[in-house]
Amino acid sequence: MNNNTITNILKYIIFSGIFLIPFIFLIAPSDPGVKDPSGLIFFANDFFFPFITSKAFVFRIIVEVMFGAWILLMLRDRKYVPKFSWLTVAISSFAVIVLIADLLGMNPLRSIWSNFERMEGWMAIVHIWAYFIVLGSVFQEKKIWHKFFNVSLFVALLASIYGIFQLTGVADIHQGSTRIDASLGNAIYLAVYMLFHIFISLYLLSMSWAKKQPVKVWIYSIFTLLFAFILFETGTRGTLIGLMGGGLVMLLILAIFDKAHKKIRIASGSIIVLTILLGILFYANKDAAFIQNNETLRRMASISWQDTKTQARGFIWPMAVKGVFDSPKEAIIGLGQENFNYIFNENYEPRMWNQEQWFDRAHSVFLDWLVAAGLLGLIAYLSFFIISLISVWRSGLSLTEKAIFIGLIVGYGIHNVFVFDNLASYVLFFTILAFVHSMESGKSLSWVEKRINTQSENFNIVRDYAIFPVVVILFLVVLYFINVRPIQANLRLVDALRACGTQQTGGSTEFYERALAIDSSMANQEIREQLISCTGSVMNGPYSNEQKQKFLEFLSQEVKKQIDSAPEDARIYVLAGGFYNSTGQFIVSTPLLEKAHKLSPDKQSISFQLAGAYINANRMEDALALYKKAYESEPGYTVAKSSYLSVLVAAGKEDAARKIFSDSPELCETPQIAQIYASIKNYSKSIALYKKLLVANPTDLSLNSQLAQVQNMAGLKYEAIATLRKIAKDHPDLKTQVDEAIKQVEVGG
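First, a word on scope: everything that follows refers to the structure included in this document.

The rules we used
- Residues numbered from 1 in each chain as written.
- Predicted model: local features only at pLDDT ≥ 70, side-chain atom pairs only at ≥ 80, totals over all residues.
- Heavy atoms only, no water.
- Helix = DSSP H or I, 4+ residues; strand = E, 2+ residues; numbered from the N terminus.
- Buried < 20%, exposed > 50% of the residue type's maximum accessible area, 1.4 Å probe, protein only.
- Contact = heavy atoms within 4.5 Å.
- Expected span 1.5 Å × (residues − 1).
- Bend = angle between axes of the 7 residues up to and from the residue.
- Core = buried A, V, L, I, M, F, W, Y, C linked by side-chain atoms within 4.5 Å.
- Polar contact = N/O pair within 3.5 Å; in protein donor to acceptor, adjacent residues only side chain to side chain.
- Patch = residues over 30% accessible without salt bridge, like charges linked within 9 Å, V, L, I, M, F, W, Y side chains within 5 Å.
- Areas by Shrake-Rupley, 256 points an atom, 1.4 Å probe, with all protein chains shown as cover.
- Salt bridge = Lys/Arg side-chain N within 4 Å of Asp/Glu carboxyl O.
- Phe/Tyr/Trp six-rings, centres within 6.5 Å; stacked < 30°, edge-to-face > 60°.
- Lys NZ or Arg CZ within 6 Å of the ring centre and 35° of its normal.
- Axes fitted to C-alpha atoms, helices over the stretch in contact; angles between N-to-C directions.
- Parallel < 35°, antiparallel > 145°, perpendicular 65-115°, else oblique.
- Left-handed = near helix turned anticlockwise from the far one by under 90°.
- Nonpolar A, V, L, I, M, F, W, Y, C, P; charged D, E, K, R; others polar.
- Lys, Arg positive; Asp, Glu negative; His and termini not counted.

### Let's talk about the overall build of the protein
Move 1: Broken down by element type, the protein carries 35 helices and two strands.
Move 2: A principal-axis box enclosing the C-alpha atoms of the protein has dimensions of 105 × 65 × 55 Å.
Move 3: Counting all 749 residues of the protein, 52% fall into the buried class.
Move 4: If you take every contact in the protein between residues at least 6 apart in sequence, the share linking residues at least 24 apart comes to 69%.

Take a look at the structure:
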């Protein structure tokens, strides 16, 4: 095979890979119970977190193939040596800084590998870096870029059609809400995906307009409007604000600098003024029916400073800043990726009791990078925006094209204030960065070019017989360890979950053992957490004591391994401690929950579980202290309030309870308090309270049943029988069951 043929094959591999990348966003699971007649989607049913993992694994494999082929191509044709740009320096520096942060962070393995739910970590960063390098090196002309953008628009069109199917009820929304998600599986992911394609479509529209191609102008106009409509229907406020902000910046540039086209300047300025007026009118009428009856408009109208302070971001943003600047080292280099949970647990805000209890992101890309890589990482990341904006402005693009790309970069930056990144936003952002890089007129890296001498026979021999096999071997090694093994672990986890739900195989640890045998840092924590859940099902299932004991022993081993791998992560202590609490193994659960409480002292849900273990160990004062702290940390938390009151009563401190809750005396007169009286054998108070409660609702089945039970426990047989007969009278359909209950009372049951 001659050199030209080999070179062409390598080009074909690289270009095919690049043009396949947009199609990965059509990969989605197909659920037999979910309507999806579109026929537009590539299905991936057998993955755990299928929307995330399927796309990520395919992307990584394609990039690895492309990168290996590009190295070999570069050694054959110096035309494909990367050229210097400050964007390349910034992105490469960022990748190195993040690697150092990950290695020095709280959990290096998790930082490098991430997990199935996110599929990020340094593995994502290095693949995105490689994608940028290849794309920026081989796409050297606008013509090829335009072809690539058109392919991406075509895929976005298919995703939009899927979104329309969801809107019309032809296809189901995967999140189970009214916010469409198409093949992305998340409304936020779809929103940012559409944000990029709106501006890409505008770019191609402006070029078609300049070339006087009316058909293309109409096509791209329709695309732009369609993508904007789909973005609107995702109901993603941060992205909508980003679109408006980016659009206004684009128009402002045209209004100020487009001196050659007076009409465009006037039109741009007029649209800016009109947008501002419409915004004022919108908020002045935010309670109007047409706004409140539309979910997206209602969500936009609900934006306020007070709303921000009471939502999760209002708590976790200050939490993120405080956590990073608690330590000089973390302020400089961060905690490593995937480690926000350490900050969240340590600095938990009790007012978040009604929010998600396991935040792993700060829900702001900028804060996420501050946490992950400190000020160095954040500055490096911000440099992407600064350098790309300067590069666009200095490029040979027309003013309109410059305005569009600046608007896109600004819009994406605004979007990033409110959400975290995902594969779609990574790929599209670095695609735009590679495009900006390709527009620069920098020289190729001379120190690389000088070492590529295709005219030298010795160089060609080394290239073909030494470097080529090394690249192939390295590719196979990377493919196996970075993709094949995690995929195996993922699929085996799915098998284990299916087996756990089947009576014939649910009592066997074999499937979890096979999944954990892969020993994937990406998978182990998730497998162990699912093992805890499965063990709970086994303990309550129709399995032999031997099977249950084997599961318990296996679980104990794996919990210990997970603790050894992440000793300062509260999550495993909580999940395992909660399981042992539920199975009555309080001696085992107590030290686990005590450690969890130490790692996250203000999280009420942990305090409740630990207090439960203390109560079962007759450590009532310790339990009271936990409930008291949980209540006092956030008095508005009704569960904490009622739990504290209940434990006070159970501890014989009813007077103290009534004094503390004197402003809410009704809390001391509930069925729960009546049950507590009965549990401490204060039957007279229990019976009196039940009778008082029945005054308001004398036929209440639950209250009457509990009253009869307590009367029987107190030895008041005739009163219990009388209450049961009243139940039969009030509820004739229950006469058979009541008669049976009366017989049991009569014989002393």
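And the narrative resumes.
### As for helix α26 (residues 586–599)
For an α-helix, 3.6 residues make a turn, and residues three or four places apart therefore share a direction.
Move 1: In this model α26 runs 20 Å from its N-terminal to its C-terminal C-alpha over 14 residues, within 8% of the 20 Å that 1.5 Å per residue would give.
Move 2: If you check which residues of α26 are buried, you get S589, T590, L592, L593, A596, H597 and L599.
Move 3: On the buried face of α26, the contacting elements are α16 (340–346), α24 (545–565), α25 (570–582), α27 (604–616) and α28 (620–633).

### Quick notes on helix α21 (residues 457–500)
Move 1: With 44 residues, α21 should reach 64 Å at 1.5 Å per residue; the first-to-last C-alpha distance of 62 Å fits that figure.
Move 2: The sharpest bend along α21 reaches about 35° and sits at Y480.

### Section: the environment of Q711
Move 1: Of note, Q711 is situated in helix α33 (residues 701–713).
Move 2: In sequence terms Q711 and L491 are 220 residues apart; their C-alpha atoms lie 56 Å from each other.
Move 3: Those residues within four positions of Q711 in sequence are excluded, and the remaining contacts are I687, K691, L716, E719, A720 and T723.

### A short note on the nonpolar core
Move 1: In terms of nonpolar packing, the biggest core is built from 196 residues, with Y193, Y381 and F384 touching the most fellow members.
Move 2: At 16 residues, the largest contribution of residues to this core is made by helix α7 (residues 187–210).
Move 3: Ignoring anything within four residues of it in the chain, the contact list for Y193 reads F25, S152, V155, A156, A159, L184, A424 and L428.
Move 4: L610, F661, C668 and I676 belong to the second-largest nonpolar core, a separate cluster that totals 35 residues.

### Let's talk about the side chain of S589
Move 1: Within the secondary structure, S589 sits in helix α26.
Move 2: In this structure S589 comes out as buried when scored by relative accessible area, which is 0%.
Move 3: A distance of 2.7 Å separates polar atoms of two side chains, one belonging to S589 and the other to N581.
Move 4: When sequence neighbours within four positions are dropped, the list of residues in contact with S589 reads G577, Y580, N581 and A613.

### A few points about a nonpolar patch on the surface
Move 1: A cluster of nonpolar side chains, contributed by I473, V477, Y480, F481 and V484, occupies part of the molecular surface with about 420 Å² of accessible area.
Move 2: Checked against the element boundaries, Y480 lands in helix α21.

### Comments concerning the environment of A651
Move 1: Secondary-structure assignment places A651 in the loop between α29 (638–650) and α30 (654–660).
Move 2: Setting aside chain neighbours within four positions, we find A651 in contact with M620 and L624.

### So, the packing of aromatic side chains
Move 1: In total, this model carries 50 aromatic pairs according to the counting rule given.
Move 2: Note on F223 and F227: the rings are 5.7 Å apart at their centroids and 35° apart in plane angle, and the pair reads as tilted. Of the two residues, F223 and F227 both sit in helix α8 (residues 214–234), four residues apart, roughly one turn of that helix.
Move 3: One aromatic cluster is present, built from ring pairs that chain together F94, F196, F366, W369, Y381, F384, F385, Y412, F429 and F430.
Move 4: Of note, K402 hangs over the ring of W393, and the distance from its end group to the ring centre comes to 5.6 Å.
Move 5: Looking at R571, its charged tip hangs above the ring of W358, at a distance of 5.3 Å from the centre.

### Notes on the packing of helix α23 (residues 524–539) against α24
Move 1: The geometry of α23 relative to α24 is characterised by a closest axis approach of 10 Å and an angle of 155° between their N-to-C directions. Considering the angle they form, α23 stands roughly antiparallel to α24. The way α23 lies across α24 gives a crossing that is left-handed. In this structure, α23 contributes N524, Q525, R528, L531, I532, C534, T535, V538 and M539 to the contact, and α24 contributes K548, F551, L552, F554, L555, E558, K561, Q562 and S565.
Move 2: Of the residues in the contact of α23 with α24, the class split is nine nonpolar, five polar and four charged.

### Re the pattern of salt bridges
Opposite charge on two side chains makes pairing possible when the charged atoms of those side chains draw close.
Move 1: Tallied over the entire structure, the rule returns 24 salt bridges.
Move 2: Put simply, R619 and D622 hold a salt bridge, and the shortest N to O gap is 2.9 Å.
Move 3: By relative accessible area, which is 32% here, R619 ends up partly exposed.
Move 4: Note that R658 is salt-bridged to E654, the shortest N-O span being 3.0 Å. One end of the pair is R658 and the other is E654, both in helix α30 and four residues apart, which spans about a single turn.

### Some details on the packing of helix α5 (residues 121–138) against helix α19 (residues 423–439)
Move 1: Interhelical geometry of α5 versus α19 gives an angle of 35° and a closest axis separation of 9 Å. Seen along the crossing, α5 lies across α19 with a hand that is right-handed. Contact with α5, carried on its side by I125, I128, Y131, F132, L135 and G136, involves Y426, V427, F430, T431, L433, A434 and H437 of α19 and no other residues of that element.
Move 2: Considered class by class, the residues forming the contact of α5 with α19 number 10 nonpolar, three polar and no charged.

### A few points about the side chain of R179
Move 1: Examined against the element boundaries, R179 turns out to sit in the loop between α6 (142–167) and α7.
Move 2: For the buried R179, no salt bridge exists, and the shortest N-O distance to an oppositely charged side chain is 5.1 Å, to E295.
Move 3: Polar contacts involving the side chain of R179 include one to the side chain of T236, which spans 3.3 Å.
Move 4: In this view, R179 contacts I173, A187, I188, E233, T234, G235, T236, E295 and R299; residues no more than four positions away in its chain are not counted.

### Focus on unusual backbone geometry
Residues other than glycine predominantly adopt negative phi, and peptide bonds predominantly adopt the trans conformation.
Move 1: The backbone of D519 shows a phi angle near 55°, a positive value even though the residue is not glycine.
Move 2: Assignment of secondary structure puts D519 in the loop between α22 (510–517) and α23.
Move 3: Of note, the phi angle at K681 is positive, near 65°, even though the residue is not glycine.
Move 4: With respect to the element layout, K681 can be found in the loop between α31 (671–679) and α32 (683–696).
Move 5: With a relative accessible area of 60%, K681 lands in the exposed category.

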